[in-house]
Amino acid sequence: MSLAPLPLSSKVTVLRGLGPARAAALQEAGIDTLQDLLWSLPYRYVDRGSLRPLGSLEMRGLEAQEPGLVTVLGTIQDLRQSTTRVQRMALTEVLLTDGTGTLRLLWFNQSYLGRSLKLGDRLLVFGTLTDGRHGVEMRGPQFEVMERSGDIGWVRRYLPLYRKLGPLPGRARQKLVAEAMSRVHLVEDWLPLELSKDLPDTLTALRLLHDPPDESEARELEEGTTPAHRRLASEELFAFSMGVAMRRAGRMKRQGLMVPTSPELRERLRSFLPFHLTGAQRRAFKEIVVDLTSGRVMNRLLQGDVGSGKTLVALLALAMVAETGGQGALLVPTEVLARQHAASFRRYLGDQAGALQLLLGGMKAAEKRAALARIASGEARYVIGTHALFQESVAFHRLQLVVVDEQHRFGVKQREALKEKGGDPHWLVMSATPIPRSLALAVFGDLDQSVLDELPPGRQSIVSKLYSSEAAGRAWEQVRRELAEGRQAFVVSPSIDPSDEGKVQLRDIQAMEALLRGVFLDETIEVVHGRLKADDMAARMGRFVSGEAGILLATTVIEVGVDVPNASVMVVDHAERFGLSQLHQLRGRVGRGAHRSHFLMISDSENERLQTLLETQDGFRIAQRDLELRGPGEFFGVRQAGLPQFQVADLLRDRELLLRCREAADRALVIGLSEAQDGWLKRMQARLKLADVS
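Residues numbered from 1 in each chain as written. Predicted model: local features only at pLDDT ≥ 70, side-chain atom pairs only at ≥ 80, totals over all residues. Heavy atoms only, no water.

Q: How do you make sense of the overall build of the protein chain when you look at a structure like this?
A: Looking only at helices and strands, the protein chain features 23 helices and 23 strands. Residue burial in the protein chain is summarised as follows: out of 694 residues, 53% are buried. Contacts in the protein chain between residues at least 24 apart in sequence constitute 74% of all its contacts with a sequence separation of at least 6. Accessible area for the protein chain stands at about 31600 Å²; split by element, carbon and sulfur atoms hold 49% of it. (Helix = DSSP H or I, 4+ residues; strand = E, 2+ residues; numbered from the N terminus. Buried < 20%, exposed > 50% of the residue type's maximum accessible area, 1.4 Å probe, protein only. Contact = heavy atoms within 4.5 Å. Areas by Shrake-Rupley, 256 points an atom, 1.4 Å probe, with all protein chains shown as cover.)

In structure tokens form, the structure reads like this:
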């Protein structure tokens, strides 16, 4: 009996054999509709080779993809069960025949097979050949009783494997997919011809990926580079690019507050500068000035390598607003960084420093009330704060510019909450982690971009070395030499609490403190980590910044913003616990003064990966390598970055395709979309959760 065709929007519960528990497991994994189910592709494919006659099986000369891995079809001629003599394990033996030869099959500790199999059953068997006592045999193979199963997928060469979801095993998912594929009718798509040319249609692409034909290329299936993959990836990237193009077009239409400029203002801004700007800083600030004076809302990404001077450019942008009667807010992820920025800004602003206000969650009630009053009245024209700026009690007088430092650490809704406090202020986001251009287009697709690709004068190359734990004494000797010269040292620990992962015993920050106090007996050591109260953290950091303490032992709370020119050496314990870009950020805490600086890593694993830090100090090259190793989701943190939830597209593999999709989206926006095209686009964007993209 043929079943009625179904639209892609149908709930998965229309499929047979899907009880409440399994349906709940699918829903928890984000699979609610047939479209969700079909776009959740196999995580890998097993190439079982061609169906082989039993008489052709030998241990040498096999033509299967993997040595000894074959598929055979035969009838059970003999079936026996016994117990092994030595280990007393249940043994099930089957003799399979197909008229050309026989094959012995063995299963250990699976006595139920004696009840489920019987003489005369026709078995499709897939497994690895081994050389046994009686010739070639298979041990523990997978099999299907053909007369009892309508699962014809097992006859195919390529077996798609699906991940288990709670009580739903991968084989059951494969059957659900097979039924869905048999019942889904025509799939509408509106991919432009320039992207769909020479590619299969959507429904064909899905069939090719869930049930690959025998002539498929195993390597292309595994790498996701078949024409079918490109078809589905193009749809995801085009839908994403259309969303970005629409937001960008909408922003270009929004009128923003025009910030006035004048020769007098430019002279006042120059007075704040401690030194001449680099060419890259001048170029970036000029782009920001054009935005602020254009009458349109600025939405710009400012990124650059460690030490490239992003904060100084941001200060000039804030000053341009503040010195003409508006307010600017700088949003940072930690109180330590907020205090550091406030101290730097006060030095630059000189006699205008009284217009600056810090707002932190850890402030005392009276102090906070005074800060809120200054912000609301407009007396505070420069506002620096953490998440405290999101609170409902915070009211601005005339907020014209929001600068977000380390923007990927804030959720989209949090950023929007701050944005709403100023009507429609200008928006400048900074990323301390250099991002390769193609990925920046994806993550920050509707932002204009300014890149600082030049380091200020005086920034020195940092000596970077990697030591095993046995050779760690050499790192401590270098620290001792630096301290003897009157300089200071950072030591970074990956963990606040002791932990034991597998065979690796991680040294926590307390154990490292004991080690340091035993090695550096006469040195003042300060310890900071994320569990300290804000006041305590600030006091300890202050003693290190002022030079009262020679060593600062810390977790990654010092990753960004800590500026101590006298610190000339950093030691990172268990460096394998950090991403490459994170290590590069940590390295940027030294090398800020006139002295040659050292970055020393201690690790007994992943030395090949860490070698990247020894080969280059180019943050963009390091970020590219980090992305290749970890993927964009882990690199940014999907939730914080608002990355789209692509199921087929890969932002690294498909970066050229992304650029083509962006160009196609811009052209499609000029032409306009029909009602049907708009409906398809909205469904695709909903599936990718594009509403969360910043």
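Q: How should unusual backbone geometry be read in this particular structure?
A: For residues besides glycine, phi is generally negative; the peptide bonds are generally trans as well. If you check the backbone angles, aspartate 198 has positive phi at about 70° while not being a glycine. The topology assignment puts aspartate 198 in the loop between α5 (193–196) and α6 (202–210). A positive phi angle, close to 50°, is found at histidine 574, a residue other than glycine.

Q: Please explain a positive patch on the surface as it appears in this structure.
A: On the surface, Lys465, Arg474, Arg481 and Arg596 cluster together to form a positively charged patch. The topology assignment puts arginine 596 in the loop between α19 (580–587) and β23 (597–602). (Patch = residues over 30% accessible without salt bridge, like charges linked within 9 Å, V, L, I, M, F, W, Y side chains within 5 Å. Salt bridge = Lys/Arg side-chain N within 4 Å of Asp/Glu carboxyl O. Lys, Arg positive; Asp, Glu negative; His and termini not counted. Charge placed at Lys NZ, Arg CZ, Asp CG, Glu CD.)

Q: Explain the pairing of strand β12 (residues 382–385) here, please?
A: For a regular strand, side-chain orientation follows a simple rule: the groups alternate between the two sheet faces. With burial as the criterion, each face of β12 is covered, one bearing Tyr382 and Ile384 and the other bearing Val383 and Gly385. Taken together, the four bridges between strand β10 (residues 327–331) and β12 define a ladder with parallel strand orientation. Among the inter-strand pairings, glycine 328 is bridged to a residue of β12, identified as tyrosine 382. Across four bridges, the pairing between strand β11 (residues 356–359) and β12 is parallel. Within β12, the position partnered with leucine 358 by the bridge is isoleucine 384. In this fold, β11 hands off to helix α13 (residues 365–377), which returns the chain to β12; that crossover is right-handed. (Pairing = 2+ DSSP bridges. Right-handed = clockwise from strand over helix to strand, strands pointing away.)

Q: Honestly, the sheet that holds strand β22 (residues 567–573) in this entry has me stumped. Any pointers?
A: For sheets, the rule is that strands pair by backbone hydrogen bonds, running either parallel or antiparallel. Ordered in space as β16-β23-β22-β17-β21-β20, the six strands form an open sheet in which the pairing is parallel. In the strand order of this sheet, the two ends are held by β16 (462–467) and β20 (525–528), each with one partner. Strand-to-strand, the axes of this sheet are offset by a mean angle of 15°, without reference to chain direction. Relative to strand β21 (residues 551–554), β20 is paired through four bridges, and the arrangement is parallel. Within β21, the position partnered with isoleucine 525 by the bridge is isoleucine 551. (Axes fitted to C-alpha atoms, helices over the stretch in contact; angles between N-to-C directions.)

Q: Explain the environment of serine 493 here, please?
A: Following the sequence through the fold, serine 493 ends up in the loop between β17 (488–492) and β18 (499–501). Serine 493 sits in the buried class, given a relative accessible area of 1%. Along the sequence, serine 493 and histidine 574 sit 81 residues apart, while their C-alpha atoms lie 7.3 Å from each other. Beyond its immediate sequence surroundings of up to four residues, serine 493 is in contact with Arg507, Asp508, Ile509, Leu553, Ala554, Thr555 and Phe578. Within the structure, serine 493 has its side chain in polar contact with the backbone nitrogen of isoleucine 509 (distance 3.5 Å). (Polar contact = N/O pair within 3.5 Å; in protein donor to acceptor, adjacent residues only side chain to side chain.)

Q: What am I meant to see in the packing of aromatic side chains here?
A: The geometry of two aromatic rings is summed up by the distance between their centres and the angle between their planes. Summed over all chains, the structure comprises four aromatic pairs. Between tryptophan 107 and phenylalanine 143, the ring centres sit 5.6 Å apart and the planes meet at 70°, which makes this aromatic pair edge-to-face. Taken together, the residues span a long stretch of sequence, with tryptophan 107 in strand β4 (residues 102–108) and phenylalanine 143 in strand β7 (residues 142–145) at a distance of 36 residues. With relative accessibility at 22%, the residue phenylalanine 143 sits in the partly exposed group. Here the aromatic rings of phenylalanine 240 and phenylalanine 646 are separated by 5.8 Å at their centres, their planes lie at 85°, and the arrangement is edge-to-face. One end of the pair, phenylalanine 240, is in helix α8 (residues 227–253); the other, phenylalanine 646, is in the loop between α21 (619–641) and α22 (655–671), and 406 residues separate them in sequence. Across the pair, exposure class does not vary: phenylalanine 240 and phenylalanine 646 are buried alike. (Phe/Tyr/Trp six-rings, centres within 6.5 Å; stacked < 30°, edge-to-face > 60°.)

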